[in-house]
Amino acid sequence: MRLRVLGGVGLVAVTALSAGCGSEPATTKVVTKADTAAKMKQERAAKVAAAAKVKANELGQIPVLMFHRIIPNPGTTDDRTPQQFRNDLERLVKDGYVPITAAEMVTGKIDIPAGRHPVVLTFDDSSPSQLTLNEVGVPKPDTAVAILREVAAKHPGFRPVATFYVTRDMFGKTVREEQAQTLQWLKDNGFDIGNHTRDHVNLRGRSEKEVEEQIGGIAQQINSLASVKPVTIALPYGNQPTKKQWALHGKGYDHKGVFLAGYTPAPAPFSKAFDPAGIPRIRVMEKKGDCVQFCSEAWLDWLKNNPDMIYTSDGDPRTVAYPKFKSPYLRQAFASWSLPY
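Residues numbered from 1 in each chain as written. Predicted model: local features only at pLDDT ≥ 70, side-chain atom pairs only at ≥ 80, totals over all residues. Heavy atoms only, no water.

Enquirer: Is there a simple way to explain the overall build of the protein in this structure?
Expert: Scanning the protein for helices and strands turns up nine helices and 12 strands. Summarising its shape, the C-alpha atoms of the protein cover approximately 85 × 45 × 45 Å along the three principal directions. Residue pairs at least 24 apart in sequence account for 65% of intrachain contacts in the protein once pairs closer than 6 positions are excluded. Carbon and sulfur atoms make up 53% of the accessible area of the protein, which amounts to about 16,900 Å² in all. Computed over 44 positive and 35 negative side-chain charges, the inter-centroid distance for the protein is 7 Å. (Helix = DSSP H or I, 4+ residues; strand = E, 2+ residues; numbered from the N terminus. Contact = heavy atoms within 4.5 Å. Areas by Shrake-Rupley, 256 points an atom, 1.4 Å probe, with all protein chains shown as cover. Lys, Arg positive; Asp, Glu negative; His and termini not counted. Charge placed at Lys NZ, Arg CZ, Asp CG, Glu CD.)

Spelled out as structure tokens, the structure:
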């Protein structure tokens, strides 16, 4: 085979000749830099049009919902009954939300369909009501995981994922093998395992050594049981240590996000307003008492009534799409992902 070299300004690709006894050279199109640039421009224009069509706003706010126990007879206002939890999830389905994990949120790996909104479901304290496996390794009915998977099965596209913030209680398991089985089940089924300190202590006012012992201790335990290094932490009582960076980085841990206890939707990770050391969550409750304004029902109503404020996906996890007037709010780190329209 003989290769004929073609010259010319702006040449990107050359023609390879087909080989074979007595065969004639094949003719292929020469692709120039101008052709490539035109194609890229056309593709970008199509992405911009698609983003505008669904009114994408990936600088909008994301509700991070905070759950605790899912039990038939609530003992505190933080508890939800199984039916209440089903209703919570059905509301999210109806409003066009798709669950993502806390780890996906803080790292900007938000891959949901165009026109949909991300929501982060978080569960504190590693309660048996959140996940208990039966004799054959299946989540027991009316646990949080079982209900989430049940609702997701009814509504294709509603991802059965959540983040579980673990303490040494480990879903009520004290035997190491049972602890490992539970954490491994979460890992194998796409759930996210987060740090909630070893003993669920208030970190406010504690020394750096104490903070590292509490956070690093449970991080080491989780890693030894399931080979998982938590990407995020939820602070007990929402209280930050004396230096909030201690919750992000320390001996035995390196978190990408620190979640608090309330009381507003969270900025998108692409927004300048995003603070990885202090990400707000929303308590799940109806409009009662203090929750008339600051809990899940109130905030979900507000986001529904203010669609320009909510995170709406363009369907492409490689871009950050938003109306042009929001350009000043984009974090510089994501400038190369930018897709204003």
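Resuming the write-up.
Enquirer: I would appreciate a short explanation of the packing of helix α5 (residues 176–188) against helix α6 (residues 208–226) in the present structure.
Expert: Two quantities define a packed helix pair, namely the angle between the axes and the distance from one axis to the other. For the pair α5 and α6, the least separation of the axes is 8 Å and the interaxial angle reads 80 degrees. The angle between α5 and α6 falls in the class roughly perpendicular. Taken together, the residues of α6 that come into contact with α5 (itself represented by R176, Q179, A180, L183, Q184 and K187) are Q221, I222, S224, L225 and A226. Class assignment of the residues belonging to the contact of α5 with α6 gives a composition of five nonpolar, four polar and two charged. (Axes fitted to C-alpha atoms, helices over the stretch in contact; angles between N-to-C directions. Parallel < 35°, antiparallel > 145°, perpendicular 65-115°, else oblique. Nonpolar A, V, L, I, M, F, W, Y, C, P; charged D, E, K, R; others polar.)

Enquirer: Would you mind showing me how to read unusual backbone geometry here?
Expert: If a residue is not glycine, its phi is most likely negative; likewise, a peptide bond is most likely trans. Cis peptide bonds are those with omega within 30 degrees of zero, and the linkage from G262 to Y263 qualifies with 0 degrees. Along the chain, Y263 turns up in the loop between β9 (257–259) and β10 (282–283). Phi at D125 takes a positive value of approximately 85 degrees, unusual for a residue other than glycine. Within the secondary structure layout, D125 lies in the loop between β3 (117–124) and α4 (144–154). Given a relative accessible area of 24%, D125 falls into the partly exposed group. (Buried < 20%, exposed > 50% of the residue type's maximum accessible area, 1.4 Å probe, protein only.)

Enquirer: How should I be thinking about the nonpolar core in this particular structure?
Expert: Buried together is how nonpolar side chains tend to be arranged in soluble globular proteins. Residues L89, L92, L121, F123, L183 and L186 are the most contacted members of the largest nonpolar core, which totals 41 residues. Mapped onto this core, the elements with two or more residues apiece are β1 (64–67), α2 (82–94), β3, α4, β4 (163–166), α5, α6 and α9 (296–305). Top element by residues in this core is α4. It accounts for six residues. If we skip the residues at most four places from it in the chain, L186 touches L131, V145, F164, F171, F191 and I193. Counting residues in each nonpolar core, the second largest holds 24 residues, with A102, V106, Y165 and Y322 among its members. (Core = buried A, V, L, I, M, F, W, Y, C linked by side-chain atoms within 4.5 Å.)

Enquirer: Is there a simple way to think about the state of the cysteines in this case?
Expert: Counted by the stated rule, this structure contains one disulfide. Residue pairing for C291: its cysteine sulfur links by disulfide to C295, the two sulfurs lying 2.0 Å apart. Because the sign of the S-S torsion sets the handedness, a value of about -45 degrees for the bond joining C291 and C295 places this disulfide among the left-handed ones. (Disulfide = S-S within 2.5 Å.)

Enquirer: Quick question: what am I supposed to make of the side chain of R283 here?
Expert: With respect to the secondary-structure elements, R283 resides in strand β10. What makes R283 buried here is its relative accessible area of 15%. A polar contact of 3.2 Å, which involves the side chain of R283, links it to the side chain of D78. Setting aside its immediate chain neighbours within four residues, R283 contacts M66, T77, D78, Y263, C291, C295 and S296. (Polar contact = N/O pair within 3.5 Å; in protein donor to acceptor, adjacent residues only side chain to side chain.)

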